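One-letter residues, chain by chain:
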Amino acid sequence: MRTHYCGTLDTSHVGETVELNGWVHRRRDHGGVIFLDVRDRTGLVQVVYDPDTVESFAIAETVRNEYVLRMTGRVRPRQEGAVNPNMATGEIEVLGSALEILNAARTPPFQLDEHAQAGEDVRLRFRYMDLRRPEMQERLQTRARIASVTRRYLEDNGYWEIETPTLTRATPEGARDYLVPSRTHPGEFFALPQSPQLFKQLLMMSGMDRYYQIARCYRDEDLRHDRQPEFTQIDIEASFVSQQEVMDLTEGMLKCVFKEVLDVDLADFPVLGYDEAMRDYGSDKPDLRNPLKFTDIADLMKEVEFQVFNKPANDPKGRVVALRAPGGAKLSRKVIDGYTDFVARYGARGLAYIKVNDIASGPDGLQSPILKFLPEEVVAEVLARTGAADGDVIFFGADQANVVNDALGALRNQLGSDLGLSVEGFAPCWVVDWPMFEEGRDGVVVAVHHQFTQPSAPLEEVISNPLSVRAAAYDVVLNGYELGGGSLRIHRQEMQAAVFEAMSMGQEAEIKFGFLLDALKYGCPPHGGIALGLDRLVMLMTGTHAIRDVIAFPKTQSAACLMMAAPSQVDDHQLRELHIRVRAEH
RNA sequence: GGAGCGGUAGUUCAGCUGGUUAGAAUACUGGCCUGUCACGCCAGGGGUCGCGGGUUCAAAUCCCGUCCGCUCCGCCA
């Protein structure tokens with residue numbers, strides 16, 4: 001039908017007769033002349049109808065917003081003074097000669113122009129309307145380009161795109177599974193994959209050597225702004241590779257994507273040890289745009305009278321840190337009280353602070369509810385260690401280490417934005433040398449990354465002292481988001497068995513992962529890989545605030561689709577075939 | 001599972017210390033207008049104040065419950 005897209009017309013087309021298709025973005029009816037801003041995915045162009053063309057002028061009078069049109073007209077330069085510099089096609093217009101309404105449209109449920117914003121629930125219910133907005137079209141285009149550059153990069157590096165099943169086996173550990181009932185196996189269920197983890201490892205055992213997939217993953221857990229029940233991973237695995245090689249490939253890929261999509265040159269990613277990240281930022285995914293760092297002061301607090309500080313200072317699982325916020329002394333009492341409530345969400349029982357008004361006048365230059373509990377020389381040493389200067393405020397965290405890390409880590413982020421300390425742009429980093437295991441609830445040993453990760457310790461130590469073992473695992477972090485994580489995998493059956501044993505899942509492992517243990521016996525190459533959250537990457541690269549903004553049809557926080565009204569009840573007949581009876585809720 | 005915020009016209013919101021006919025902007029409809037571009041001017045239509053219950057002479061407003069949306073904690077190998 002069309003000869004051109006709306007947004008592509010410019011002065012080079014002047015004099016040409018063009019045929020356009022698109023939606024009426026806005027209509028301005030001046031009685032004797034009617035302007036239509038016509039929109040397609042490339043942009044807007046102004047089409048003018050005047051009474052000289054009687055028939056099409058009459059049709060133009062009946063046109064309304066979001067009508068779908070087919071137009072013929074001649075491109076002409078706009079008159080002096082009629083040029084619109086705010087419009088990409090503002091130097092020209094199309095003088096319409098023919099006009100056909102391909103489809104009328106009801107009044108839109110919300111205005112699609114940039115000057116009105118609808119609530120997210122309305123946008124999601126009418127997502128097909130919301131996606132017409134240029135803003136949304138740009139985001140999805142950016143997403144497509146990111147995926148495209150990713151594919152090309154990986155293919156240039158010898159990676160094959162291989163699909164893996166989405167009907168697979170349930171795994172009780174990790175996230176909750178989405179289950180799919182089997183018609184042919186009464187009472188049995190498939191699970192949708194939380195990731196293609198095992199399949200990609202098996203592909204390495206199959207000699208595929210280098211695999212990638214832009215894979216949909218499913219986790220039935222509660223949602224956040226950066227978590228959807230179904231999400232997309234850039235999933236990568238390679239054989240005969242070192243950790244450094246996987247990291248180099250990934251870093252190269254991200255640099256390439258940022259360069260080609262945003263024309264941004266990312267510097268080499270800093271590499272942080274896990275311990276270092278926790279020590280300096282209280283987080284395993286630190287936002288390095290934020291310059292604030294923790295200062296450990298437990299050693300100074302062991303002898304002080306103040307119980308709030310000396311108890312955690314003397315507790316092996318405790319931690320006492322200071323967090324200096326430059327310029328924070330201007331924060332009002334009300335704001336600081338707000339921070340106290342804020343850190344309480346992470347389990348902190350209070351938030352001590354010292355305002356540094358005039359460091360030269362000693363204690364008199366300080367302002368704090370806790371000064372009376374601390375010896376002068378201890379305070380002086382805290383100021384020295386943190387590098388405090390006039391106008392700063394120093395916050396304190398003293399509790400179990402995990403509470404301090406969570407609470408002050410979150411406060412660090414908050415201060416970064418409230419005080420405008422964070423720099424603009426993109427701050428990626430690697431976090432490496434993760435612990436292999438941690439103590440879960442009831443003291444059970446659980447894998448920090450996953451149970452197929454290669455421990456960086458001999459087999460005996462994995463069994464005898466698992467909590468001391470490190471793993472060949474690495475996360476890539478961007479602006480405080482975990483963008484991806486990977487590891488070298490266990491490629492020897494004995495080691496895999498040892499890890500299962502350390503996790504006290506001997507029998508259980510045989511049943512659930514017997515096929516893997518078997519596969520490891522048939523010649524498994526050393527291998528490793530990584531998976532990156534495509535939705536998060538796109539969110540960060542488009543500067544949006546939730547991955548919902550970069551997913552065409554996302555779910556709400558309660559994991560529902562407002563447009564389709566999914567999930568929904570199904571026929572009894574359908575349930576019967578699946579051998580399922582719905583239990584009455586109490 | 002828990003906490004907070006929100007739900008009033010198609011939309012975005014105001015009204016919420018209870019008291020005339022629930023209002024603004026925008027959208028929509030009709031009329032006028034030949035150079036606008038968030039066109040302008042005139043007129044008009046438009047409400048289950050999320051839902052259910054309670055208190056009261058009287059509830060958008062107060063109380064209880066419930067549903068929905070968002071943010072967060074838990075959860076997310």
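Just above, that's the structure.
Within each chain, residue numbers correspond to sequence positions counted from 1 in written order. To read the labels, note that chains go from A and ligands from 1, taken in the order they are written. With the structure being a predicted model, the display of local features is reserved for residues of pLDDT at least 70 and the display and counting of side-chain atom pairs for 80 or more, all residues being used for whole-chain, interface and lining totals. Hydrogens and water molecules were not included; the side-chain quantities draw on all heavy atoms of the structure.

Colleague: Tell me what's going on with the sheet that holds strand 3 (residues 43-49), and back it up with residues and numbers.
Modeller: A pair of strands is labelled paired if DSSP reports no fewer than 2 bridges between them. Each helix is a run of DSSP H or I of at least 4 residues and each strand a run of E of at least 2, with the numbering of both proceeding from the N terminus. A barrel is described by the order of its strands in space; here 5 strands give the closed sequence 1-2-3-5-4, paired in mixed fashion. The mean angle between the axes of side-by-side strands here comes to 55°, regardless of whether they run parallel or antiparallel. Throughout, a contact is declared for two residues whenever any of their heavy atoms are within 4.5 Å. To obtain each axis, a line is fitted to C-alpha atoms, and for helices this fit is confined to the stretch in contact; angles are then taken between N-to-C directions over 0 to 180 degrees. The strands touched by helix 1 (residues 54-62) within the sheet are strand 1 (17-29), strand 2 (34-40), strand 3 and strand 5 (92-103), with strand 5 carrying the most contacts at an inclination of about 70°.

Colleague: So, the side chain of Gln233: which residues are in play, and what are the values?
Modeller: Positionally, Gln233 belongs in strand 10 (residues 230-239). In contact with Gln233, not counting residues within four places along its chain, are Ser195, Pro196, Gln213, Ile214, Ala215, Cys217, Arg219, Ala531, Leu532 and Leu534.

Colleague: I'd like a rundown of the nonpolar core, residues and numbers included.
Modeller: The set of buried Ala, Val, Leu, Ile, Met, Phe, Trp, Tyr and Cys residues whose side-chain atoms join them within 4.5 Å is what this entry labels a nonpolar core. Relative accessible area decides the class of each residue, using a 1.4 Å probe on protein chains only: under 20% of the type maximum gives buried, over 50% gives exposed, and in between gives partly exposed. In terms of nonpolar packing, the biggest core is built from 43 residues, with Leu154 and Ile236 touching the most fellow members. Looking at this core element by element, the count peaks at 9 residues for helix 6 (residues 243-262). Beyond its immediate stretch of four places on either side in the chain, Leu154 contacts Tyr159, Tyr212, Ile234, Ile236, Leu249 and Met253. Judged by nonpolar contacts, the second largest core, of 36 residues, contains Met278, Val469, Leu516 and Cys524.

Colleague: Give me the lowdown on the protein's contact with RNA strand B, citing residues and values where you can.
Modeller: In this text, near means that some heavy atom of the residue lies within 4 Å of the molecule or strand in question. In the vicinity of RNA strand B lie 51 residues, with Asp29, Ala82, Glu93, Gly119 and His449 positioned nearest. When the atoms of RNA strand B within 4 Å of the protein are grouped by moiety, sugar and phosphate amount to 52% of the total. Counting of polar contacts relies on pairs of N or O atoms within 3.5 Å, with two restrictions inside protein: one atom must be capable of donating a hydrogen and the other of accepting it, and residues adjacent in sequence are counted only when both atoms are side-chain atoms. Note that a base nitrogen of RNA strand B is positioned 3.3 Å from one of the backbone N or O atoms of Gly31. Glu93 has a polar side-chain atom sitting 2.5 Å from a base nitrogen of RNA strand B. Those elements that place two or more of their residues in the surface near RNA strand B are strand 1, strand 2 and helix 2 (120-125).

Colleague: Tell me what's going on with the packing of aromatic side chains, and back it up with residues and numbers.
Modeller: Working definition: an aromatic ring pair is given by the centre-to-centre distance plus the angle between the planes. Stacked, tilted and edge-to-face are the three classes assigned to paired rings of Phe, Tyr and Trp, where Trp is represented by its six-membered ring and a pair needs centres within 6.5 Å; plane angles under 30 degrees give stacked, over 60 edge-to-face, the rest tilted. A full pass over the atoms with the stated rule returns 13 aromatic pairs. A ring pair is formed by Trp430 and Tyr474, whose centres lie 6.2 Å apart and whose planes are at 75°; its orientation type is edge-to-face. Pair noted here: Trp430 is in strand 17 (residues 428-435) and Tyr474 is in strand 20 (residues 470-478), with a separation of 44 residues, a long-range link. The exposure class of Tyr474 is buried, given its relative accessible area of 0%. Here Phe500 and Phe513 contribute two aromatic rings whose centre-to-centre distance is 5.6 Å and whose plane-to-plane angle is 5°, an arrangement assigned as stacked. On the criterion of sequence distance, the pair formed by Phe500 in helix 14 (residues 493-502) and Phe513 in helix 15 (residues 506-521) is long-range, its members being 13 residues apart. The same class applies to Phe500 as to Phe513, namely buried. Through pairs of rings, three or more aromatic residues link up here, namely Phe306, Phe309, Phe373 and Phe396.

Colleague: So, the sheet that holds strand 9 (residues 210-218): which residues are in play, and what are the values?
Modeller: Ordered in space as 6-9-10-22-21-20-17-11, the 8 strands form an open sheet in which the pairing is mixed. One side of each edge strand has no neighbouring strand; the edge strands of this open sheet are strand 6 (160-161) and strand 11 (271-273). Sheet topology places strand 10 next to strand 22 (residues 527-533); 7 bridges connect them, and they run antiparallel. Within strand 22, the residue paired with Ile236 across the bridge is Ile530. Packing of helix 7 (residues 274-281) onto the sheet brings it into contact with strand 11, strand 17 and strand 20, and relative to strand 11 it is tilted by some 85°.

Colleague: Got a sec to walk through the pattern of salt bridges? Specific residues and values, please.
Modeller: Here a salt bridge means any side-chain nitrogen of Lys or Arg lying within 4 Å of a carboxyl oxygen belonging to Asp or Glu. Per the stated rule, a full pass over the model turns up 42 salt bridges. Ionic contacts of the salt-bridge type, sharing partners, join the residues Arg123, Arg127, Asp130, Arg133, Glu135 and Arg139 into one network.

Keep in mind that these numbers describe shape and distance, not what the molecule does.
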